[in-house]
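# What the coordinates show
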Amino acid sequence: MEPNNDVALDIIITNVVAVFRTRCHLNLRTIAREGSNVIYKPEVGKVLMKLRKPRITASIWSSGKIICTGATSEEEAKLGARRLARCLQKLGFKVKFTDYKVVNVLAVCTMPFQIQLIEFTKNNRPIASYEPELHPAASYRIKNLKATVQIFSTGSITVTGPNVQFVATAVEQIYPLLFECKMAAR
Amino acid sequence: MSSRVCKTCGCADIDIDQARGNAVCMGCGSVLEDNIIVSEVTFVENSGGGSSAVGQFVSSDGTGKTPVLGSGFHTSIGKESRTQTLQNGKRHINNLGHQLQLNQHCLDTAFNFFKMAVSKHLTRGRKMAHVIAACLYLVCRTEGTPHMLLDLSDLLQVNVYVLGRTFLLLARELCINAPAIDPCLYIPRFAHMLEFGDKNHEVSMTALRLLQRMKRDWMHTGRRPSGLCGAALLVAARMHEFRRTVKEVIGVVKVCEATLRKRLTEFEDTPTSQLTIDEFMKVDLEQECDPPSFTAGQRKLRLQQLEQELAKKIDEVQGEICSYQDEIEMELENSRPKLKGIYASYTKEDTQDDTLSVASGFPGNEDGEDEELVAAAKHLNKDFCRELLSEQDEADSGAESGAESEQPTTSRQPPLASLLGPLPTAASLGLSDSIRQCIAEKEDEENSEHGELDLNGIDDEEIERYILNEKEVKIKTDLWMKQNADYLKEQKEKEERIAKEKELGIYKEQKPKRPPKKREPIRASTAGEAIEKMLEQKKISSKINYDVLRDLNKKGCSPSHQSEEAVTSPTSKRLASRRKRNIAALGLGNQVSNMGKRLKPLISGPTIKKPAGDQGVTSTVPTPTPEVSQPVVVESGPVVYEDVPDEEDDEDEEPCVSAMQLMGGNDYGCDVDDDEGI
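Residues numbered from 1 in each chain as written. Chains lettered and ligands numbered in written order. Predicted model: local features only at pLDDT ≥ 70, side-chain atom pairs only at ≥ 80, totals over all residues. Heavy atoms only, no water.

### Notes on the overall build of chain A
Broken down by element type, chain A carries four helices and ten strands. The secondary structure elements of chain A, listed N-terminal to C-terminal, are β-α-β-β-β-β-α-β-α-β-β-β-β-α. Counting over 186 residues, chain A shows a buried share of 55%. Summarising the internal contacts of chain A: among those between residues at least 6 apart in sequence, 61% fall at separations of at least 24. Counting only carbon and sulfur atoms, one obtains 50% of the accessible surface of chain A, whose full area is about 8000 Å². (Helix = DSSP H or I, 4+ residues; strand = E, 2+ residues; numbered from the N terminus. Buried < 20%, exposed > 50% of the residue type's maximum accessible area, 1.4 Å probe, protein only. Contact = heavy atoms within 4.5 Å. Areas by Shrake-Rupley, 256 points an atom, 1.4 Å probe, with all protein chains shown as cover.)

Here you go:
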């Protein structure tokens with residue numbers, strides 16, 4: 001197989017999800033009244049707050065738990081989370097920025113070749129599963145990295161994992177397997 | 001029987017009498033064993049004079065502690081839960097399997113899968129129906145029968161993706177590798193449904209050849225096999241002069257029109273579509289001897305031609321970069337809607353900063369400012385823009401541009417591969433850099449563990465903008481209050497109620513799941529009124545025409561008598577259910593007018609839930625007869641209707657609700673399997 005250094009695979013991170021806690025009770029009504037760019041969902045019990053600068057959306061619960069989604073990199077996620085906490089501070093709550101953790105990273109990558117999914121599934125059972133009636137992609141779960149790779153026949157793959165490093169490792173791991181099952185050039 | 005030594009005299013001569021169950025020492029006569037347990041077959045004489053063996057069959061699994069007293073106790077008593085589950089499962093599997101026309105061997109295999117699933121506790125937290133369907137589908141896949149998951153979901157009225165999830169889980173847990181679906185399996189089935197008559201076989205064969213062609217052209221990866229089958233059958237039918245419209249085909253194949261058209265378009269792009277029917281038959285035969293070389297060779301040729309021309313153009317045009325860029329931009333604008341994929345974003349960028357913006361967008365790195373990368377990307381951009389232009393110039397054959405526009409990545413393969421060659425290190429370096437940065441950042445985070453908010457990099461002014469000033473707050477509050485007035489009212493009422501209950505001291509924490517509230521029994525003077533009141537209570541539909549209902553009452557007094565007699569024979573549960581179903585079948589009013597009085601004890605029968613239900617019924621059947629003589633008013637008890645808790649769902653699901661459902665239709669579902677079905 002080709003060693004990875006010779007191939008330029010651009011892994012584009014499209015979404016980073018992070019959580020943190022403010023360690024204080026938040027009054028959702030106040031946030032809903034006094035914040036701009038907020039959506040209040042009383043049935044579920046949360047407030048959605050969207051920031052423009054790092055483009056993120058945050059779900060804020062009254063217990064103080066906040067989930068931050070939509071960032072395109074880990075630093076951006078951190079920055080956005082801190083901005084959000086600062087905003088809540090200004091609204092009058094005694095927020096603390098604790099337990100910040102990146103929970104999920106979604107990245108896409110395109111292979112320069114097409115992939116034969118049926119062969120790929122045959123070679124990698126039972127880690128890979130492909131059900132054309134349900135979803136056009138074959139999904140491959142890497143247990144030790146806790147990452148899932150969805151492989152489409154056009155050669156694009158999407159990788160989800162707990163952080164960027166694991167995602168990169170997953171791509172490196174899966175590249176040789178995909179290279180084996182590539183389709184002859186059209 | 002082990003022959004032992006006698007204790008008293010030491011003699012080894014022991015006589016064992018089976019009939020008496022004794023073991024006696026022959027030497028001293030002392031009885032060593034009494035009441036020996038005998039495991040012999042004994043026979044009993046029948047009334048007819050024949051003899052039959054005494055004993056029962058006990059299954060190997062289960063405790064076998066069922067004392068079968070008399071005849072036909074309900075099977076639910078005394079059996080273990082596990083055997084019950086398995087029995088239930090077997091019954092459902094057989095039901096579904098017969099509806100799918102699976103043979104007994106398949107059903108047995110499915111039952112084995114089910115047993116394995118139960119032993120691994122996979123049925124917990126899942127609906128039995130889903131697990132059963134998954135087991136059956138697993139069998140279908142391993143045996144290769146032409147059943148789709150869609151069929152199963154049709155039968156069960158369950159979302160196909162939910163079934164699919166259960167199926168995937170089952171396959172994974174049981175470590176069963178279901179072989180991939182071959183669309184060729186579905187052809188005979190769909191062809192049969194499309195009714196080609198005598199030519200069925202020929203059309204099927206043609207469709208099969210088409211499918212194999214599609215497979216070779218790699219059209220079938222990632223696609224639903226049914227869609228491909230549909231396209232193949234449509235073409236095959238047209239080839240043999242059968243007029244099958246798209247609508248008929250999609251009705252059989254169960255894909256939507258758009259999908260079918262797309263498959264046909266893709267097939268049109270393949271070179272095979274250019275052949276005539278005769279050629280297709282002929283050339284196909286030849287190809288069966290020599291499969292991939294023909295088209296692959298053609299393609300290779302074409303690619304080689306492209307590359308040669310590319311090389312030429314690159315040589316020619318090396319000096320005229322600017323003019324080409326302008327042309328490229330124009331072309332890109334013209335072909336903007338065609339381009340897809342990651343390169344589409346470039347066409348939207350500003351024309352001036354084309355190279356830079358493309359450079360920053362292309363590798364999508366976190367750095368982006370890396371000089372090497374910018375240079376590399378510029379170089380890349382030039383080359384493949386030229387490539388794009390040259391390819392567009394060359395796009396004589398419609399198929400080529402069609403294929404190109406649909407799959408921009410594939411046509412760019414040769415130049416990319418060659419161009420990416422000299423540039424690997426830049427990008428891979430960039431990637432590893434960013435990873436290093438990420439790791440470095442993680443160390444910074446540990447400093448703020450104690451919860452202090454690190455304020456660097458946060459622009460306070462900007463954050464101020466996120467907070468509204470007082471006037472805005474007021475306006476927003478008013479708006480929100482107006483919008484959510486109902487919700488707020490509800491909340492207030494709830495709080496008041498809780499406060500009241502607290503005062504009275506009977507306040508209970510409301511659990512989210514409440515038991516179904518018992519409604520007052522309806523008191524009505526006639527059956528018709530009873531129905532009306534019940535319907536109003538249940539608030540099922542405002543669309544019921546009560547006048548018609550009342551009219552139904554008056555008609556059909558005679559047919560109800562006949563049905564009564566026919567129905568008195570079977571057992572109690574069936575009686576009750578059949579009577580209920582009769583109501584639905586003959587129309588609401590028919591039965592009720594005469595049966596209203598009989599209904600009352602019968603319907604209340606199952607609610608009492610006595611196992612000796614039939615006794616209850618037989619006793620009540622004679623009792624209504626004296627009541628019938630008092631025609632007018634029945635004060636001796638209200639008509640109690642069973643309350644089924646999940647009735648409310650019916651409202652939302654369907655606007656028109658059948659009469660059966662109005663009467664509490666959820667009860668019927670479980671009984672349909674038992675009865676032959678009225």
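Don't stop here, the text continues.
### Overview of the overall build of chain B
In terms of helices and strands, chain B carries 33 helices and five strands. Excluding contacts between residues fewer than 6 apart, the proportion of contacts in chain B whose partners are at least 24 apart in sequence is 60%.

### Some details on the sheet that holds strand β1 (residues 14-17) of chain B
Residue and element names in this part refer to chain B. Strand order in the open sheet made by the three strands is β1-β2-β3, with antiparallel pairing throughout. Two strands lie at the open edges of the sheet, namely β1 and β3 (31-33), each paired on one side alone. Neighbour to neighbour, the strand axes of the sheet diverge by 30° on average, direction disregarded. Taken together, the two bridges between strand β2 (residues 22-25) and β3 define a ladder with antiparallel strand orientation. Residue Val24 lies in a different strand from β3, and its bridge partner there is Val31. (Pairing = 2+ DSSP bridges. Axes fitted to C-alpha atoms, helices over the stretch in contact; angles between N-to-C directions.)

### Concerning the nonpolar core
Counting residues in each nonpolar core, the largest one holds 71 residues, and the members touching the most others are Phe114, Leu138 and Leu233 of chain B. Here this core gets ten residues from one element, more than from any other, and that element is helix α3 (residues 128-143) of chain B. Ranked by size, the runner-up nonpolar core spans 66 residues in total, among them Ala18, Cys109, Phe113 and Ala147 of chain A. (Core = buried A, V, L, I, M, F, W, Y, C linked by side-chain atoms within 4.5 Å.)

### Some words on the pattern of salt bridges
Scanning all chains against the criterion turns up eleven salt bridges over all chains. Ionic pairing is found between Arg23 of chain A and Asp99 of chain A, a salt bridge with its closest N-O pair at 3.0 Å. Of this pair, Arg23 of chain A sits in the loop between β1 (11-21) and α1 (28-34) while Asp99 of chain A is found in strand β6 (residues 98-110), placing the two residues 76 residues apart along the sequence. With its nearest N and O atoms 2.7 Å apart, the salt bridge here joins Arg223 of chain B to Glu266 of chain B. Residue Arg223 of chain B is found in the loop between α7 (200-216) and α8 (225-239), and its partner Glu266 of chain B is found in helix α10 (residues 257-269); the two are separated by 43 residues along the sequence. Taken together, the salt bridges that share partners define one network made up of Asp151, Asp154, Arg189 and Lys254 of chain B. (Salt bridge = Lys/Arg side-chain N within 4 Å of Asp/Glu carboxyl O.)

### What about the confidence of the model for chain B?
All names here are of chain B. When pLDDT is averaged along chain B, the result is 67; 52% of the residues meet or exceed 70. Every residue in residues 347-369 is under pLDDT 50, and counting partners more than four places away or in other chains gives 34 contacts. Low pLDDT (under 50) marks residues 665-678, which in the prediction has 24 contacts with non-local residues, meaning those over four places away or in another chain. (pLDDT = per-residue confidence, 0-100.)

### Here we look at unusual backbone geometry
Of all residues except glycine, most have a negative phi; of all peptide bonds, most are trans. Residue and element names in this part refer to chain B. With a phi close to 60°, Gln101 is a non-glycine residue in the positive phi region. Assignment of secondary structure puts Gln101 in the loop between α1 (81-100) and α2 (104-119). A residue is classified by how much of its surface remains accessible, and Gln101, at 67% relative accessible area, is exposed. Phi is positive for Glu241, which is not a glycine, with a value near 65°. Among the residues examined, Glu241 registers a relative accessible area of 71% and is labelled exposed.

### What to know about α10 of chain B
Residue and element names in this part refer to chain B. Along its 13 residues, α10 runs 19 Å from first to last C-alpha, staying within 8% of the 18 Å computed at 1.5 Å per residue. Along α10, the residues classified as buried are Leu260, Arg263, Glu266 and Phe267. The buried residues of α10 occupy one face: seen down the axis, they fall within an arc of 125°. Its buried side turned inward, α10 meets α7, α8 and α9 (246-253). (Expected span 1.5 Å × (residues − 1). Arc of directions from axis to C-beta.)

### Considering the pairing of β1 of chain A
All names here are of chain A. Bridge count for β1 against β6 is nine bridges, and the pairing is antiparallel. Among the inter-strand pairings, Val16 is bridged to a residue of β6, identified as Val105. Both β1 and strand β5 (residues 65-71) contribute to a ladder of five bridges, which runs antiparallel. In the strand pairing of β5, Arg21 is matched with Lys65.

### Brief notes about the packing of aromatic side chains
Per the counting criterion, the structure on display carries nine aromatic pairs over all chains. Between Lys78 of chain A and the ring centre of Tyr100 of chain A, over which it is positioned, the NZ or CZ distance is 5.4 Å. (Phe/Tyr/Trp six-rings, centres within 6.5 Å; stacked < 30°, edge-to-face > 60°. Lys NZ or Arg CZ within 6 Å of the ring centre and 35° of its normal.)

### Section: the sheet that holds strand β10 (residues 156-161) of chain A
All names here are of chain A. Pairing within the open sheet is antiparallel, and its ten strands lie in the order β2-β3-β4-β5-β1-β6-β10-β9-β8-β7. With one partner strand each, in any of the chains shown, β2 (38-41) and β7 (128-130) form the two edges of the open sheet. Here the strands of the sheet are splayed against their neighbours by 15° on average, with no regard to which way each runs. Here helix α4 (residues 164-180) sits on the sheet and contacts β1, β6, β8 (138-142), β9 (147-151) and β10; the angle it forms with β10, its principal contact strand, is near 140°.

### Topic: α8 of chain B
Residues and elements named next belong to chain B. Here α8 is 15 residues long and its end C-alpha atoms lie 21 Å apart, about the 21 Å a rise of 1.5 Å per residue gives. Of all 15 residues making up α8, 13 are buried, and the element is well covered by its neighbours. Positioned one or two residues after α8, Glu241 has a phi angle of 65°, which is positive.

### Things to note about the side chain of Asn200 of chain B
Structurally, Asn200 of chain B can be placed in helix α7. Apart from residues no more than four positions distant in its own chain, Asn200 of chain B is found in contact with Ala191 and His192 of chain B.

### A short note on a negative patch on the surface
Residues and elements named next belong to chain B. A contiguous patch of negative charge on the surface is contributed by Asp486, Glu490, Glu493, Glu495 and Glu496. The residue Glu495 is located in helix α23 (residues 485-504) in this model. On the accessibility criterion, Glu495 (56% relative accessible area) is exposed. (Patch = residues over 30% accessible without salt bridge, like charges linked within 9 Å, V, L, I, M, F, W, Y side chains within 5 Å. Lys, Arg positive; Asp, Glu negative; His and termini not counted. Charge placed at Lys NZ, Arg CZ, Asp CG, Glu CD.)

### Some details on the pairing of β9 of chain A
All names here are of chain A. Counting buried residues along β9, four of its five residues qualify, which places the element largely inside the surrounding structure. Two strands pair when backbone bridges link them, and β8 and β9 are joined in this way by five bridges, in the antiparallel orientation. Note on β9: the bridge partner recorded for Ser139 is Gln150. In this antiparallel pair of consecutive strands, β8 and β9, the connection spans four residues, and Lys146 shows a positive phi of 55°.

### Some words on the packing of α8 of chain B against α10 of chain B
Residues and elements named next belong to chain B. Closest axis-to-axis distance for the α8/α10 pair is 9 Å, and the angle between their directions is 65°. As the angle between them shows, α8 and α10 are arranged roughly perpendicular. Taken as a pair, α8 and α10 cross one another with a handedness that is right-handed. Facing α8, whose interface residues are Gly227, Leu228, Gly230, Ala231, Leu234 and Val235, α10 presents Leu260, Arg263 and Leu264. Grouping the constituent residues of the contact of α8 with α10 by class yields six nonpolar, two polar and one charged. (Parallel < 35°, antiparallel > 145°, perpendicular 65-115°, else oblique. Left-handed = near helix turned anticlockwise from the far one by under 90°. Nonpolar A, V, L, I, M, F, W, Y, C, P; charged D, E, K, R; others polar.)

### A few points about the environment of Trp480 of chain B
Mapped onto the secondary structure, Trp480 of chain B falls in helix α22 (residues 470-483). With a relative accessible area of 18%, Trp480 of chain B lands in the buried category. Excluding residues that lie within four positions of it along the chain, Trp480 of chain B makes contacts with Tyr40 and Pro42 of chain A together with Leu488 of chain B.

### As for the packing of helix α6 (residues 187-194) of chain B against α7 of chain B
Residues and elements named next belong to chain B. Relative orientation of the contacting elements α6 and α7 amounts to 135°, with a least axis distance of 10 Å. Between α6 and α7, the crossing angle belongs to the class labelled oblique. Relative to α7, the crossing made by α6 is right-handed. Listed contacts from α7 to Ile187, Ala191 and His192 of α6 are Asn200, Ser204, Ala207, Leu208 and Leu211. Split into classes, the residues belonging to the contact of α6 with α7 amount to five nonpolar, three polar and no charged.

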